[in-house]
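Notes for the structure review
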Amino acid sequence: MKNELIIGIVVVFVVIFVLEIFLKARIRKTLTTSLINDDLAAFDSIRNNRFTMLLLPRNDLFYFDLQKAVALKDNQLIDKTIRRLESLKLTDSQKKTIYSTAFYHYLSLEDAVHIEPYYQKLSELKGSDGITEEDVLYDVYAKKGHKYLDYVLDLYEKAAIDKKASLELLLAKIYENLADKKKADEYFKKAKQRLNRQTTA
(Lines give C-alpha, C1' and ligand atoms only; values in the text may rest on other atoms or scores of the structure.)
Protein backbone atom coordinates (compact mmCIF):
# COMPACT_ATOMS: atom_id res chain seq x y z
CA MET A 1 0.00 0.00 0.00
CA LYS A 2 2.84 2.35 0.94
CA ASN A 3 4.73 1.57 -2.27
CA GLU A 4 1.59 2.20 -4.33
CA LEU A 5 1.14 5.59 -2.63
CA ILE A 6 4.74 6.56 -3.37
CA ILE A 7 4.35 5.48 -7.01
CA GLY A 8 1.12 7.46 -7.25
CA ILE A 9 2.78 10.60 -5.89
CA VAL A 10 5.72 10.21 -8.29
CA VAL A 11 3.34 9.79 -11.24
CA VAL A 12 1.43 12.93 -10.25
CA PHE A 13 4.66 14.95 -10.01
CA VAL A 14 5.84 13.66 -13.41
CA VAL A 15 2.50 14.55 -15.02
CA ILE A 16 2.59 18.06 -13.49
CA PHE A 17 6.21 18.51 -14.63
CA VAL A 18 5.47 17.45 -18.20
CA LEU A 19 2.31 19.55 -18.32
CA GLU A 20 4.22 22.62 -17.11
CA ILE A 21 6.86 22.14 -19.84
CA PHE A 22 4.12 21.76 -22.48
CA LEU A 23 2.23 24.86 -21.31
CA LYS A 24 5.38 27.01 -21.15
CA ALA A 25 6.35 25.96 -24.67
CA ARG A 26 2.84 26.69 -25.94
CA ILE A 27 2.77 30.15 -24.36
CA ARG A 28 6.22 31.03 -25.73
CA LYS A 29 5.19 29.87 -29.20
CA THR A 30 1.94 31.87 -29.06
CA LEU A 31 3.74 35.02 -27.93
CA THR A 32 6.35 34.62 -30.67
CA THR A 33 3.69 34.01 -33.32
CA SER A 34 1.72 37.10 -32.28
CA LEU A 35 4.88 39.21 -32.66
CA ILE A 36 5.68 37.69 -36.06
CA ASN A 37 2.11 38.43 -37.18
CA ASP A 38 2.37 41.95 -35.75
CA ASP A 39 -0.68 41.21 -33.59
CA LEU A 40 0.29 43.28 -30.58
CA ALA A 41 -3.21 43.19 -29.09
CA ALA A 42 -3.04 39.39 -28.91
CA PHE A 43 0.52 39.61 -27.56
CA ASP A 44 -0.53 41.97 -24.75
CA SER A 45 -3.52 39.82 -23.89
CA ILE A 46 -1.36 36.70 -23.49
CA ARG A 47 1.65 38.48 -21.94
CA ASN A 48 -0.43 40.20 -19.25
CA ASN A 49 -2.52 37.13 -18.43
CA ARG A 50 -2.07 36.12 -14.79
CA PHE A 51 -1.49 32.51 -15.76
CA THR A 52 1.33 33.54 -18.11
CA MET A 53 2.95 35.71 -15.44
CA LEU A 54 2.70 32.87 -12.95
CA LEU A 55 4.10 30.22 -15.29
CA LEU A 56 6.92 32.00 -17.15
CA PRO A 57 10.01 33.25 -15.31
CA ARG A 58 10.56 37.00 -15.23
CA ASN A 59 13.55 36.89 -17.58
CA ASP A 60 11.33 35.24 -20.22
CA LEU A 61 8.57 37.82 -19.73
CA PHE A 62 11.00 40.74 -19.93
CA TYR A 63 12.69 39.27 -23.02
CA PHE A 64 9.33 39.10 -24.77
CA ASP A 65 8.79 42.72 -23.69
CA LEU A 66 12.12 43.52 -25.37
CA GLN A 67 11.04 41.83 -28.60
CA LYS A 68 7.83 43.86 -28.54
CA ALA A 69 9.79 47.07 -28.00
CA VAL A 70 11.97 46.20 -31.02
CA ALA A 71 8.86 45.49 -33.10
CA LEU A 72 7.55 48.93 -32.10
CA LYS A 73 10.97 50.50 -32.80
CA ASP A 74 10.62 52.19 -29.42
CA ASN A 75 14.25 52.91 -28.49
CA GLN A 76 13.40 54.32 -25.08
CA LEU A 77 11.39 51.22 -24.20
CA ILE A 78 14.18 48.95 -25.51
CA ASP A 79 16.75 50.52 -23.20
CA LYS A 80 14.32 50.53 -20.24
CA THR A 81 13.47 46.84 -20.74
CA ILE A 82 17.14 45.88 -20.95
CA ARG A 83 17.78 47.65 -17.65
CA ARG A 84 14.96 45.56 -16.14
CA LEU A 85 16.56 42.41 -17.53
CA GLU A 86 19.97 43.43 -16.17
CA SER A 87 18.45 43.63 -12.69
CA LEU A 88 17.91 39.86 -12.85
CA LYS A 89 20.47 37.09 -12.45
CA LEU A 90 21.39 36.20 -16.04
CA THR A 91 23.82 33.78 -17.62
CA ASP A 92 26.40 35.08 -20.09
CA SER A 93 24.44 33.35 -22.85
CA GLN A 94 21.25 35.20 -21.87
CA LYS A 95 23.13 38.50 -21.70
CA LYS A 96 24.55 37.91 -25.17
CA THR A 97 21.07 37.23 -26.56
CA ILE A 98 19.69 40.42 -24.98
CA TYR A 99 22.55 42.68 -26.04
CA SER A 100 22.59 41.17 -29.54
CA THR A 101 18.89 41.94 -29.92
CA ALA A 102 19.53 45.61 -29.17
CA PHE A 103 22.77 45.70 -31.18
CA TYR A 104 21.17 44.41 -34.39
CA HIS A 105 18.13 46.64 -33.94
CA TYR A 106 20.26 49.77 -33.72
CA LEU A 107 22.54 48.46 -36.46
CA SER A 108 19.55 48.29 -38.82
CA LEU A 109 19.02 51.99 -38.09
CA GLU A 110 22.76 52.74 -38.37
CA ASP A 111 22.34 54.47 -35.01
CA ALA A 112 25.95 54.71 -33.83
CA VAL A 113 25.08 56.40 -30.52
CA HIS A 114 22.78 53.59 -29.37
CA ILE A 115 24.84 50.76 -30.89
CA GLU A 116 28.03 51.65 -29.03
CA PRO A 117 27.07 50.66 -25.45
CA TYR A 118 25.66 47.30 -26.58
CA TYR A 119 28.72 46.61 -28.69
CA GLN A 120 30.87 47.27 -25.62
CA LYS A 121 28.75 44.91 -23.53
CA LEU A 122 29.06 42.19 -26.19
CA SER A 123 32.81 42.76 -26.35
CA GLU A 124 33.07 42.21 -22.60
CA LEU A 125 31.35 38.83 -23.03
CA LYS A 126 33.76 37.65 -25.75
CA GLY A 127 35.53 34.43 -24.87
CA SER A 128 38.61 35.20 -26.97
CA ASP A 129 40.45 37.92 -28.88
CA GLY A 130 39.13 36.61 -32.20
CA ILE A 131 37.19 38.81 -34.62
CA THR A 132 33.42 38.50 -34.29
CA GLU A 133 30.61 39.41 -36.65
CA GLU A 134 29.72 42.25 -34.29
CA ASP A 135 33.27 43.63 -34.51
CA VAL A 136 33.05 43.85 -38.29
CA LEU A 137 29.51 45.23 -38.44
CA TYR A 138 30.18 47.81 -35.74
CA ASP A 139 33.23 49.09 -37.59
CA VAL A 140 31.49 49.19 -40.99
CA TYR A 141 28.05 50.54 -40.09
CA ALA A 142 28.54 52.46 -36.85
CA LYS A 143 32.06 53.84 -37.31
CA LYS A 144 31.83 53.96 -41.12
CA GLY A 145 35.22 52.28 -41.12
CA HIS A 146 37.21 49.86 -43.27
CA LYS A 147 39.42 48.23 -40.64
CA TYR A 148 38.33 44.71 -41.58
CA LEU A 149 38.54 44.98 -45.38
CA ASP A 150 41.24 42.33 -45.77
CA TYR A 151 39.46 40.04 -43.30
CA VAL A 152 36.14 40.30 -45.18
CA LEU A 153 37.88 39.80 -48.55
CA ASP A 154 39.43 36.61 -47.19
CA LEU A 155 36.02 35.43 -45.93
CA TYR A 156 34.55 36.23 -49.33
CA GLU A 157 37.13 34.15 -51.19
CA LYS A 158 36.47 31.13 -48.97
CA ALA A 159 32.69 31.52 -48.64
CA ALA A 160 30.12 29.09 -49.99
CA ILE A 161 28.07 30.38 -52.93
CA ASP A 162 24.96 31.00 -50.79
CA LYS A 163 26.98 33.23 -48.43
CA LYS A 164 28.63 35.42 -51.06
CA ALA A 165 25.78 37.89 -51.65
CA SER A 166 25.73 39.09 -48.02
CA LEU A 167 29.52 39.49 -48.08
CA GLU A 168 29.33 41.37 -51.39
CA LEU A 169 26.89 43.83 -49.80
CA LEU A 170 29.23 44.20 -46.84
CA LEU A 171 32.20 44.81 -49.15
CA ALA A 172 30.16 47.37 -51.10
CA LYS A 173 29.57 49.25 -47.83
CA ILE A 174 33.25 49.06 -46.83
CA TYR A 175 34.34 50.48 -50.20
CA GLU A 176 31.67 53.16 -49.85
CA ASN A 177 33.27 54.08 -46.52
CA LEU A 178 36.59 54.29 -48.38
CA ALA A 179 34.97 56.64 -50.93
CA ASP A 180 35.84 54.08 -53.63
CA LYS A 181 32.65 54.38 -55.67
CA LYS A 182 33.87 52.09 -58.46
CA LYS A 183 34.56 49.17 -56.12
CA ALA A 184 31.40 49.82 -54.10
CA ASP A 185 29.27 49.74 -57.25
CA GLU A 186 31.07 46.61 -58.46
CA TYR A 187 30.27 44.61 -55.33
CA PHE A 188 26.75 45.98 -55.04
CA LYS A 189 26.09 44.93 -58.65
CA LYS A 190 27.49 41.45 -57.97
CA ALA A 191 25.24 41.07 -54.92
CA LYS A 192 22.17 42.28 -56.79
CA GLN A 193 22.77 39.88 -59.68
CA ARG A 194 23.41 36.97 -57.34
CA LEU A 195 20.26 37.65 -55.31
CA ASN A 196 18.20 37.94 -58.50
CA ARG A 197 19.52 34.55 -59.67
CA GLN A 198 18.69 32.99 -56.29
CA THR A 199 15.17 34.45 -56.41
CA THR A 200 14.43 33.12 -59.89
CA ALA A 201 16.12 29.74 -59.40
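Scope of this entry: the structure provided in the associated data block.

Cut-offs and rules
- Residues numbered from 1 in each chain as written.
- Predicted model: local features only at pLDDT ≥ 70, side-chain atom pairs only at ≥ 80, totals over all residues.
- Heavy atoms only, no water.
- Helix = DSSP H or I, 4+ residues; strand = E, 2+ residues; numbered from the N terminus.
- Expected span 1.5 Å × (residues − 1).
- Buried < 20%, exposed > 50% of the residue type's maximum accessible area, 1.4 Å probe, protein only.
- Axes fitted to C-alpha atoms, helices over the stretch in contact; angles between N-to-C directions.
- Parallel < 35°, antiparallel > 145°, perpendicular 65-115°, else oblique.
- Left-handed = near helix turned anticlockwise from the far one by under 90°.
- Contact = heavy atoms within 4.5 Å.
- Nonpolar A, V, L, I, M, F, W, Y, C, P; charged D, E, K, R; others polar.
- 1 Å grid on protein atoms, 1.4 Å probe; cavity = no way out; pocket = protein on both sides within 12 Å on 5 of 7 lines; lining within 4 Å.
- Points joined across faces, edges and corners; volume = space filled by probe spheres on them.

1. Re helix 4 (residues 58-72)
With 15 residues, helix 4 should reach 21 Å at 1.5 Å per residue; the first-to-last C-alpha distance of 21 Å fits that figure. For helix 4, every residue scored as buried is listed here: Asn59, Asp60, Leu61, Phe62, Phe64, Asp65, Leu66, Lys68 and Ala69. Lys73 lies just past helix 4 and shows a positive phi near 55 degrees.

2. With respect to the packing of helix 7 (residues 112-124) against helix 8 (residues 133-142)
Contact geometry for helix 7 and helix 8: axes closest at 11 Å, N-to-C directions at 160 degrees. If you check the angle between helix 7 and helix 8, you find them roughly antiparallel. Here the hand of the crossing between helix 7 and helix 8 comes out left-handed. Contact residues: Ala112, Ile115, Glu116, Tyr119, Leu122 and Ser123 in helix 7; Glu134, Asp135, Tyr138 and Ala142 in helix 8. Classifying every residue of the contact of helix 7 with helix 8 by side-chain character gives six nonpolar, one polar and three charged.

3. Notes on the layout of surface pockets
By volume, the largest pocket is sized at about 320 Å³. Secondary-structure elements contributing two or more residues to the lining of the largest pocket are helix 8, helix 9 (149-158) and helix 10 (161-177). Per-element tally for the lining of the largest pocket: the top contributor is helix 10, with five residues. Taken together, the residues of the lining of the largest pocket sort by class into ten nonpolar, two polar and two charged.

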